Amino acid sequence: MTLWPEIRHGMLAWRRLFSARSPYALLLCLVLMGWLFQNSAVSASDVSPKKSILFLFPQATATPAYEILYTSAKETIQAHTNEPLDIYAEYLDKGRFPDESYQRRLFELLSDKYRDKRIDLWIGVGQGMAEVIDRLGNEVLREVPAILLSYRAPLTGAPFPENRPRTTGVVADLDIGKNLEMALSLHPETQKVYVVSGASSADRLLERATRIALRESESVGKVEYLAGLTFNELVTRMENLPPHSVVLYLQVQCDRNGDTFYSKDIVGIISRKSHAPVYSMFSSQLGEGVVGGYMIDLERGGVKAGELAARIFKGDPPESLPIVKDGLSRHMFDWRQLKRHGIKENRLPEGSLVLYKELGFLEEHRWMVVGVILFVIFQSVFLAFLLDANRKQKNAQDQLVEAESRYRQLLHCDRLTRLGQLSAALVHELNQPLTAILTTAQAGLRFLNADKMNPSLMRQIIQNIISDDKRAAEVLWSLRSLMKRKEKAKEQISMNAVLEDVAFILQSEAMLRNVTIERDLDGSLPFVDGDPTQLRQVVLNLIMNAFDAVSLTPPQRRRVILQTRLLNHSLQVSVRDSGGGIQMERMEQLFQPFQSTKHSGMGMGLAVSSTIVREHGGRMWAENSPDGGAVFFFTLPVQQDESRNNVRVHH
Amino acid sequence: MFIIDDDPSVRAALSLLLRSEGYAFETYASAEEFLERRPFEGIGCIVLDVRMTGMSGLDLQEELAKRDLRMPIVFITGHGDIPMTVQAMKRGAVDFLPKPFEDAQLLWAVQSALERHQEERSRRNETESIRGRIARLTPREHEVFRRAVVGLLNKQIAFELKISEQTVKIHRSRVMQKLEVSSLADLVRMAEKNGLP
């Protein structure tokens, strides 16, 4: 009570401040505004950019289908949004814990668990997840946008309550009839179709849906249902199927004894035990031994859900996003099973996806094949070039444009010849990281199988695989940088980098030939204008020549020294070898075409290289070094103005 | 287990694989580095890359043979080393695995190498022990031993050595005793193992 007059007093003071046109009022306003601004800035940064997603699965953790959905959805969201994600997942495990009171207590627990968590979106898999969320008693969660994934078959009812606010989804049609027709068309002699399903309520529901779906089918007379057997009964039946049978597998979550299973395991066992081909409905079962089927492609389902999620995060209201229904099922097959049952790929329906193909000769020896093809292409192109050049000479009316294009072709030919010579080294260079990846991954699997895996080991294994993979990619990238065939592409390049690139590509080749590459590079080199692919080619030619030159030198003394120097108006690159030097009488023709002392190669390398250098405004020449060996030099002009030099500073 | 490969990625991968099976191992980035180590006395095996900068795998194999360090070698190699394979196998390599190899292949090769090493070692020990026992014979006993194992009768031995048959008998029984054998057949077998006569 005694406080009251003081507050009044305070208010009076405020009013005085504002009513008087005193400078205080202005000052106060400014301070207030500043405070407001600051505050709003703080609250904006308070809102974490992280989006939170809750996945809700009706059955057990590690159900294979869930893994696929979860991973593909997550990856799609991450690919579409650059924001980090906070992902929660709950598995209700209804199949193994059907007890009502348990489920109720679980709901209460979940409701509490997420009371203070900000969830931006939840994704429910399977029927009835909307009802679960609505029953949780968590008002906040009920208002969160939802994406529901399920499939539709007879009896399954609506995928989710109609007009549920902020809800969209992905609903695949389970077309059992189409699957059966396809199976019968691949096995026209079929006498009997066994439809396998389990004893859980979901299994029973699917079985009844199938009965309804197949009621109208022409083949209904051939169908026999093996529903709700015990596991052992099922296995025995599968082992003793009569000839000309086909198995259509629905799902077995649980058998008559109440034992629960991963449906995927059961389908694997069935496929191994039965001589008859097994078809199934979900892509998660492919690879376990089923031949295939008109399947719901779970990966695609996950991707679609991920796309919806990404659009919701971008601000689209969920209601405005139509439910995705199309293109979720497709004909999918396991190549190994097609082989096992003698089904030719050309008999499969159009647009079928065939997975698990084993590599044939072509795929397995891709490098060798590519090498041979490159060689043949090179040979024929070069032959064509020779014939053509001959004709052109007679005509004596060479067109400048045409010559230019031939020139480029020749450059490309020269590059390909070089690559052909390098292919063994390149295979080795790629093979090393690939070997490391394979062995590391297999070691990982062994740790896992022996239950000896721990997170730090896992991290190490994955990190090793990543860095090995990057190394392989680097080899391919550098290879590409040599192969590229561009029309006049001049850019600012660093000659030191060009030398390093080529030295990198050649490191295996150098090792094979026991040659040491040494570098003496001038770090203050300015950039030059040039075509990086062509200049790499020049350097490659010079170094490869140097390799050849030292081949008769004792291995300990096989050295190639790369040197760069800045001269007055140009920069100079030299490649020095410790070989036998150049005979004086050959000096003259060194840069003429078809000058080769080697059995391999065409003697075009130096001619091509000096042409490239000339085109770049530079000069190429060779000298014998006083201490034996040859040195090849070339120069490239350096831009005179200051701004060019400044470019270097930025790098 | 000794991993010798100049490629750090492959070295790391092999280490993981051997570790997953619980083998004890050491890694070396070059043949030279391995040779600096003091010779390993126990049962082991070398997993060796053929192509390395500096000393190659084959060079190392040769060097180890020169130094009488006879550890079995499992070679790993890139493509196109077939002539080397022949050479290496002739010199007693246990296996020659082209990269990339299956984990089971490598582990199998390594395991059989270890078994082989173990076997060789025990055979060697036996020969050494026989040699030791033969060394304990006196010169005269040795003369009797050499003649007995080629099938000479006591009488003949006595004649050759110009001693009495009785003395030969005594020497002969001492020989049997020292060599720990009970029959002429065992004696002959032992002599064969020792490279006699």
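Treat the numbers as computed from the prediction; the structure is a model and nothing was measured.

Remarks on the sheet that holds strand β14 (residues 516-520) of chain A
Residue and element names in this part refer to chain A.
Line of reasoning, step 1. Strand order in this open sheet of five strands is β14-β16-β17-β19-β18, and the pairing throughout is mixed. Two strands close off the open sheet at either side, each with one partner strand: β14 and β18 (619-624). Across this sheet, the average inter-strand angle for adjacent strands is 15°, counted without regard to direction.
Line of reasoning, step 2. Both strand β16 (residues 559-566) and strand β17 (residues 570-577) contribute to a ladder of seven bridges, which runs antiparallel. When the sheet's bridge partners are listed, T564 is paired in β17 with V573.
Line of reasoning, step 3. Of the strands in this sheet, β14, β16, β17 and β19 (630-637) are in contact with helix α17 (residues 495-505), which crosses β16 at around 165°.
Line of reasoning, step 4. Packing of helix α21 (residues 605-615) onto the sheet brings it into contact with β18 and β19, and relative to β18 it is tilted by some 130°.

Notes on the interface of chain B and chain A
Line of reasoning, step 1. Of the residues lining the interface, 26 residues belong to chain B; the matching set on chain A comes to 23 residues.
Line of reasoning, step 2. Taken together, the two surfaces of chain B and chain A that pack against each other cover about 2,100 Å², and 56% of this comes from carbon and sulfur.
Line of reasoning, step 3. Looking at the side of chain B facing chain A, the largest losses of area belong to B:L16, B:S20 and B:R51, adding up to 27% of the total buried there.
Line of reasoning, step 4. Counting across the interface, chain B meets chain A through three salt bridges.
Line of reasoning, step 5. B:E21 serves as the salt-bridge partner of A:R446, at 3.2 Å between the closest nitrogen and oxygen.
Line of reasoning, step 6. Between chain B and chain A we count 11 residue pairs in polar contact (both at pLDDT 80 or more) in total.
Line of reasoning, step 7. Elements with a contribution of two residues or more to the side of chain B that touches chain A: α1 (8-20) and α5 (103-135) of chain B.
Line of reasoning, step 8. Top contributing element to the side of chain B that touches chain A by residue count: α1(B), with nine residues.
Line of reasoning, step 9. Looking at the side of chain B that touches chain A, its residues break down into 11 nonpolar, six polar and nine charged.

Let's talk about the sheet that holds strand β4 (residues 73-77) of chain B
All names here are of chain B.
Line of reasoning, step 1. Spatial strand order, β2-β1-β3-β4-β5: five strands in an open sheet with parallel pairing. Of all strands in the sheet, those with a lone pairing partner are β2 (26-28) and β5 (95-98), marking the two edges. The sheet shows a mean angle of 20° between the axes of neighbouring strands, taken without regard to direction.
Line of reasoning, step 2. Where strand β1 (residues 2-4) and β2 come together, three bridges link them in parallel fashion. By the bridge assignment for β2, F2 is matched with E26.

Description of the confidence of the model for chain B
All names here are of chain B.
Line of reasoning, step 1. Confidence along chain B averages 86 in pLDDT terms, with 96% of residues attaining 70 or more.
Line of reasoning, step 2. Taken element by element, the predicted model of chain B shows its lowest mean pLDDT in helix α4 (residues 82-90) (73) and its highest in β1 (95).
Line of reasoning, step 3. This prediction of the complex comes with two scores: 0.42 for pTM and 0.74 for ipTM.

Concerning unusual backbone geometry
As a rule of thumb, non-glycine residues mostly have phi less than zero, and peptide bonds are mostly trans rather than cis.
Line of reasoning, step 1. Residues B:K99 and B:P100 are joined by a peptide bond in cis, for which omega reads -5°.
Line of reasoning, step 2. Look at A:D451: it is not a glycine, yet its phi comes out positive at around 60°.
Line of reasoning, step 3. Turning to its location among the elements, A:D451 is positioned in the loop between α15 (400-449) and α16 (455-483).
Line of reasoning, step 4. The phi dihedral of B:D68 falls on the positive side, at around 60°, and the residue is not glycine.
Line of reasoning, step 5. In this fold, B:D68 is placed in the loop between α3 (57-66) and β4.

Points about the pairing of strand β2 (residues 85-91) of chain A
Residues and elements named next belong to chain A.
Line of reasoning, step 1. In this sheet, β2 lies alongside strand β1 (residues 51-57) in parallel orientation, the contact comprising seven bridges. When the bridges of β2 are listed, F57 appears paired with Y91.
Line of reasoning, step 2. Crossover handedness for the path β1 to helix α3 (residues 64-80) to β2: right-handed.

Points about the packing of α1(B) against α5(B)
Residue and element names in this part refer to chain B.
Line of reasoning, step 1. Between α1 and α5, the shortest axis-to-axis distance is 11 Å and the interhelical angle comes to 70°. Here α1 is positioned roughly perpendicular relative to α5, judged by the angle of their axes. The way α1 lies across α5 gives a crossing that is right-handed. In this structure, α1 contributes L14, L17 and L18 to the contact, and α5 contributes D103, L106 and L107.
Line of reasoning, step 2. Residues belonging to the contact of α1 with α5 are distributed by class as follows: five nonpolar, no polar and one charged.

Procedures and definitions
- Residues numbered from 1 in each chain as written.
- Chains lettered and ligands numbered in written order.
- Predicted model: local features only at pLDDT ≥ 70, side-chain atom pairs only at ≥ 80, totals over all residues.
- Heavy atoms only, no water.
- Pairing = 2+ DSSP bridges.
- Helix = DSSP H or I, 4+ residues; strand = E, 2+ residues; numbered from the N terminus.
- Axes fitted to C-alpha atoms, helices over the stretch in contact; angles between N-to-C directions.
- Contact = heavy atoms within 4.5 Å.
- Buried area = accessible area lost by both parts, 1.4 Å probe.
- Salt bridge = Lys/Arg side-chain N within 4 Å of Asp/Glu carboxyl O.
- Polar contact = N/O pair within 3.5 Å; in protein donor to acceptor, adjacent residues only side chain to side chain.
- Nonpolar A, V, L, I, M, F, W, Y, C, P; charged D, E, K, R; others polar.
- pLDDT = per-residue confidence, 0-100.
- Right-handed = clockwise from strand over helix to strand, strands pointing away.
- Parallel < 35°, antiparallel > 145°, perpendicular 65-115°, else oblique.
- Left-handed = near helix turned anticlockwise from the far one by under 90°.

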